[in-house]
Amino acid sequence: MLFPEVQIAPPGPKAQAIIAKDRKYASPSYIKEYPLVVERGEGPWVYDVDGNRFLDFMAGIAVASTGHAHPHVVQAIKEAAERFLHICGTDFYYDSFARLCERLAGYLPEMGPKKVFLTNSGTEAVEGALKLARHHTRRQYVVAFKGGFHGRTYGAISLNSSKVAQRAFFGPLLPGVIHIPYANPYRPLEGVGAGDEAGNPARLLETEYFVNHVDPREVAAVFVEPILGEGGYVVPPAGFLEELRRICDRHGILLVFDEVQSGIGRTGTMFAAEHFGVMPDILLSAKGIASGMPLGAIVAREAVMTWPRGSHGSTYGGNPVCCAAALATLDVVEGLLGQVQRTGAYLQAGLRALQARHPVIGDVRGVGLMVGAEFVVPGTLEPAGAYVGELEQLAFQRGLLLLSCGKSTIRFAPPLVVTEHEVDVMLGILGQCLADLDEKHHPEQAA
Ligand code: PMP
């Protein structure tokens, strides 16, 4: 076998029984694309109930930051669970809650003094930030981005625009959300006029939206992902976030960075904001923060975290077991940042080498281990969505877990502990899959 590291066979009877039960009783709002029944994981490896071994380059949607079952995180969870499982951090004090708030408030010193509100998920952090921004500014409108994704609760789906299915049939949504284009260097805007507006749609806020759609004095906040996640792993050009910051400052609007996907070491710095040198007023975190335990955070400048007394709380947010997992996760991630930069660069170089052989890969982009490869009809910008679906399935059959985003982008978001050797294994499997698809679609050209 070319890659002895992975090892797969069709689901056995145990796996089939679990799949059948899940299909019978679990809500079918999503189709589980792979017949993978997980038994355990270790680092970037996942084992199913039949003993098959998969290489995980999606990390449970960019969540398993420290890898599966990292011993330091598992130990912290065990110790916390033995002490107490719950007491409610909104009503009582405990050490891990206070320490986690302190720890999160210490990142991004350029933001100045901060306060932290702990949630159970990314979408709850988004909801809280919406409430906070409206209350703090006493304004009602918010700006969000086309292609953006912020979660699945009502406020969040009102900000979303990346997936129609997540908004359709659920209306009416939250009023007062203005969606403007995101800056995408691979697909600069057409027809918005000359010069840098095409590359920097942030300027459209003042030239178009604040003229024709909403008075900036009524805008509470701009919600933006510093790197677009579900919308296709798009890294905006220099100047985009700076311009948003300038516009927000000019009009007294809060700048909110949704770093639920891009934060906690994913890009080789603790938060993606550091790459752009632009600081938000409110920073949202979740996903990788506790290695998969449910936790999220709203980190706001102290002057902005101005809840009226008793106005916002959470029964489970900042649960002691999750806080312990988060503190241990941060210990591990802080030690991985340099490695993430190196393996990320190595991964991108490998993908570019594949791109040179396979013109179906239109673009390779990313920062750290938040890397995307966009697939297009060769020679055009037309998304090759069906091809990506085939590629994901082929990769799975060869023991590689991948997850697409946007219209036709494969995201590479492995656990941050992934090594160059494991990147090589991934690239090898991917290369085989691409060659198979070349052969299938263009047998006349295949070598
Ligand atoms: N914001 C961003 C940028 C996300 O990528 C996601 C999840 N994909 C969310 C918010 C929602 O997070 P959760 O699923 O934890 O509610």
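It should be emphasised that the depicted structure is a prediction, and the values quoted were computed from it without experimental measurement. (Residues numbered from 1 in each chain as written. Predicted model: local features only at pLDDT ≥ 70, side-chain atom pairs only at ≥ 80, totals over all residues.)

**Quick word on the domain arrangement of the chain**
In many reports, interface size means the accessible area that the parts give up when they come together.
Here's step 1: Entries for the chain in the domain assignment read domain 1 (13-66 + 336-441) and domain 2 (72-334).
Here's step 2: Listed by partner, the interface residues are 29 residues for domain 1 and 28 residues for domain 2.
Here's step 3: When contributions to the side of domain 1 that touches domain 2 are tallied by element, the ones reaching two or more residues are helix 2 (59-62), helix 11 (337-357), strand 11 (361-367), strand 12 (370-375) and strand 15 (409-412).
Here's step 4: Its residues assigned to classes, the side of domain 1 that touches domain 2 shows 14 nonpolar, 10 polar and five charged. (Domains from an automatic or database assignment. Contact = placed C-beta atoms within 7 Å. Helix = DSSP H or I, 4+ residues; strand = E, 2+ residues; numbered from the N terminus. Nonpolar A, V, L, I, M, F, W, Y, C, P; charged D, E, K, R; others polar.)

**Focus: the site of the ligand**
Here's step 1: Around the ligand, the structure places 15 residues, and the nearest of them are Ser121, Gly122, Thr123, Gly151 and Val260.
Here's step 2: Of the residues forming the shell around the ligand, the biggest block, three residues, is contributed by helix 5 (residues 122-137). (Near = placed C-beta within 6 Å.)

**Describing the sheet that holds strand 15**
Here's step 1: Ordered by their spatial adjacency, four strands build an open sheet running 11-12-15-14, and the pairing between neighbours is antiparallel. Looking at strand neighbours, the two that pair on one side only are strand 11 and strand 14 (403-405), the edges of this open sheet. Geometrically, the sheet is characterised by an average inter-axis angle of 30 degrees between neighbouring strands, direction not taken into account.
Here's step 2: Both strand 14 and strand 15 contribute to a ladder of three bridges, which runs antiparallel. Across the sheet, the residue bridging to cysteine 405 is threonine 409, located in strand 15.
Here's step 3: In the packing of helix 11 onto the sheet, the strands contacted are strand 11, strand 12 and strand 15, and the crossing angle to strand 11 comes to about 175 degrees. (Pairing = 2+ DSSP bridges. Axes fitted to C-alpha atoms, helices over the stretch in contact; angles between N-to-C directions.)

**Considering the packing of helix 12 (residues 385-397) against helix 13 (residues 420-441)**
Here's step 1: At a closest axis distance of 10 Å, the pairing of helix 12 and helix 13 adopts a crossing angle of 130 degrees. On the basis of the axis angle, helix 12 is oblique to helix 13. Once helix 12 is placed against helix 13, the crossing between them reads as right-handed. Within the contact between the two elements, helix 12 uses Tyr387, Glu390, Leu391, Leu394 and Ala395 and helix 13 uses Ile429, Leu430, Cys433, Asp436 and Leu437.
Here's step 2: Tallied by class, the residues present in the contact of helix 12 with helix 13 amount to eight nonpolar, no polar and two charged. (Parallel < 35°, antiparallel > 145°, perpendicular 65-115°, else oblique. Left-handed = near helix turned anticlockwise from the far one by under 90°.)

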